[in-house]
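# Tertiary structure, described
Each chain, letter by letter, is given below.
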Amino acid sequence: MTVVAERPAEQADPAPATAGGPAARRRAPRNVSRWLLPLWATLVFVFLFLPIAVVIVYSFNVGRLLISWDHFGFDSFAAIVTKPAVRDAVLVSLRTGLIAALLATALGTLAGIAMARTPGKWVPWFLVLLLLISVTPEIVDAVALLPWVVFLGQDLGLSIFNDGTVRLVIGQSLFSIAIVSYIVRARLVGLDAKLEEASADLYAKPLTTFFKVTLPLAMLAVLAGFLLSFTLGLDNTIVSAFVQVSGTTPWPVYVLSALRSGLRPEIAAVSTIMLVLTLGALALVALVLKRAGDSAADIARTMAGG
């Protein structure tokens, strides 16, 4: 006959937790946080992006004022062609943004390659200088740049600094040069320099090595820096408002001045076009950086200018 031993009372199976037991009370905050945090994040994003959505919707308004809805139409988008003031402001922004991006890419690429391939005691000091450029408020840059270009253009008689396009290009490229330098340096630091050493061992001239080996290795970072510089130049407002002269008013400054007389639907329409152009450029930057091997965190840091 089989004898079944009874377990002591203290070793018996624990009783299931009741509805109001400690385990249920511990699960309750977790269950609340699961839906409360996503809900809060959603509300924050709605608060931030709802004004942009409103501008996009009202860009299709056919009326005299932006805030007064008349009826749906595409007439506001035609202002970029039919209205000379709007057309000139957009062309100035595109022209100066492109030139500033080219200048920043050229100088930033050379600086990034120099920091990555010729290390020394000067590199940390140069990085500090670039960091200072990155963190300096735009209003400080604008206040410092205006008397400087006036001094060069009027006091020293260098008439090139009286040109509005030149002033805008200089102002817009200051911050972009630092960004391009960061991106190119980060790209080359992660790559082995043996290919460039092999090119030198094969008696290639330094300039040939630069164009045939170094620049192709950094090309993805150079392209990302160019696109990001162009994007930053399109929405540069503070520095542009200080250094611009009559006849070369960029689009952000034109919008700022339009606030005095009331925003019109064409302001929202052209702003929507500029927004799509900016988002397209940023998407290309993310794609290029992803192909270069950057992680999502690195791409986000680059987008933020870090």
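Residues numbered from 1 in each chain as written. Predicted model: local features only at pLDDT ≥ 70, side-chain atom pairs only at ≥ 80, totals over all residues. Heavy atoms only, no water.

### Some remarks on the UniProt feature "transmembrane region" (unreviewed entry) in the protein chain
Under the present numbering, the feature "transmembrane region" (unreviewed entry) in UniProt falls on residues 35-60, 92-113, 125-149, 169-188, 209-232 and 267-289. As annotated, residues 169-188 has a helix share of 100% and a strand share of 0%, and its two end C-alpha atoms lie 27 Å apart. Counting secondary structure, residues 267-289 comes out at 100% helix and 0% strand; the distance between its end C-alpha atoms is 33 Å. (UniProt positions renumbered as here; feature names shortened; annotations may be inferred. Helix = DSSP H or I, 4+ residues; strand = E, 2+ residues; numbered from the N terminus.)

### Topic: the pattern of salt bridges
One pass over the full model with this rule turns up one salt bridge. For K83, the salt bridge goes to E266, with nearest N and O atoms at 2.7 Å. With a gap of 183 residues between them, K83 in the loop between helix 2 (79-82) and helix 3 (84-117) and E266 in helix 11 (residues 265-291) connect regions that are remote in the sequence. Taking the relative accessible area as the measure of exposure, E266 reaches 9% and is therefore buried. (Salt bridge = Lys/Arg side-chain N within 4 Å of Asp/Glu carboxyl O. Buried < 20%, exposed > 50% of the residue type's maximum accessible area, 1.4 Å probe, protein only.)

### A few points about the side chain of T96
Assignment of secondary structure puts T96 in helix 3. Setting aside its immediate chain neighbours within four residues, T96 contacts T165, L168, V169 and Q172. (Contact = heavy atoms within 4.5 Å.)

### Topic: the packing of aromatic side chains
What the rule picks out here adds up to seven aromatic pairs. Arranged with centres 5.3 Å apart and planes meeting at 15°, the rings of F60 and F72 form a pair that is stacked. Of this pair, F60 sits in the loop between helix 1 (22-58) and strand 1 (61-62) while F72 sits in strand 2 (residues 71-72), and the two are twelve residues apart along the sequence. The class for F72 is exposed, based on a relative accessible area of 52%. Three or more aromatic residues joined by ring pairs form one cluster here, namely F60, F72 and F77. (Phe/Tyr/Trp six-rings, centres within 6.5 Å; stacked < 30°, edge-to-face > 60°.)

### Side note on the side chain of T165
Position of T165 among the secondary structure elements: in helix 6 (residues 164-189). Given a relative accessible area of 15%, T165 falls into the buried group. If near-sequence neighbours (up to four positions away) are discounted, T165 is found in contact with R95, T96, I99 and T248.

### Remarks on the nonpolar core
Core analysis: the biggest nonpolar cluster contains 35 residues, and I183, V184, L188, W251, V270 and V285 have the highest contact counts within it. Elements that contribute at least two residues to this core include exactly helix 3, helix 4 (122-135), helix 6, helix 8 (206-234), helix 10 (251-258) and helix 11. A total of eleven residues in this core trace back to one element, the largest contributor, which is helix 8. Counting seven residues, the second-largest nonpolar core is a separate cluster that includes V92, A142, L145 and L168. (Core = buried A, V, L, I, M, F, W, Y, C linked by side-chain atoms within 4.5 Å.)

### Here's the deal with helix 6
Helix length check: helix 6, at 26 residues, gives a terminal C-alpha distance of 38 Å against a target of 38 Å (1.5 Å per residue), a fit within 8%. S173 marks the point of greatest bend in helix 6, at about 40°. The N-capping residue of helix 6, defined by a side-chain oxygen 3.1 Å from the backbone nitrogen of T165, is D163. (Expected span 1.5 Å × (residues − 1). Bend = angle between axes of the 7 residues up to and from the residue. Polar contact = N/O pair within 3.5 Å; in protein donor to acceptor, adjacent residues only side chain to side chain.)

### Observations concerning a nonpolar patch on the surface
A cluster of nonpolar side chains, contributed by W35, L36, L39, W40, L43, V44, F45, F47, L48, F49, I52 and I56, occupies part of the molecular surface with about 1,200 Å² of accessible area. With respect to the helices and strands, the residue W40 is situated in helix 1. (Patch = residues over 30% accessible without salt bridge, like charges linked within 9 Å, V, L, I, M, F, W, Y side chains within 5 Å. Areas by Shrake-Rupley, 256 points an atom, 1.4 Å probe, with all protein chains shown as cover.)

### Re the packing of helix 3 against helix 8
Orientation of helix 3 relative to helix 8, taken along the N-to-C sense of each, is 140°, at an axis distance of 8 Å. Classified by the angle their axes make, helix 3 and helix 8 are oblique. Here helix 3 runs over helix 8; the crossing is right-handed. Contact with helix 3, carried on its side by S93, L94, G97, L98, A101, L102, A104, T105, T109, L110 and I113, involves F210, T214, L215, V222, G225, F226, S229, F230 and L234 of helix 8 and no other residues of that element. Its residues assigned to classes, the contact of helix 3 with helix 8 comprises 13 nonpolar, seven polar and no charged. (Axes fitted to C-alpha atoms, helices over the stretch in contact; angles between N-to-C directions. Parallel < 35°, antiparallel > 145°, perpendicular 65-115°, else oblique. Left-handed = near helix turned anticlockwise from the far one by under 90°. Nonpolar A, V, L, I, M, F, W, Y, C, P; charged D, E, K, R; others polar.)

### Brief notes about helix 10
Burial in helix 10 covers these residues: W251, P252, V253 and A258. Packed against the buried residues of helix 10 are helix 3, helix 8, helix 9 (238-243) and helix 11.

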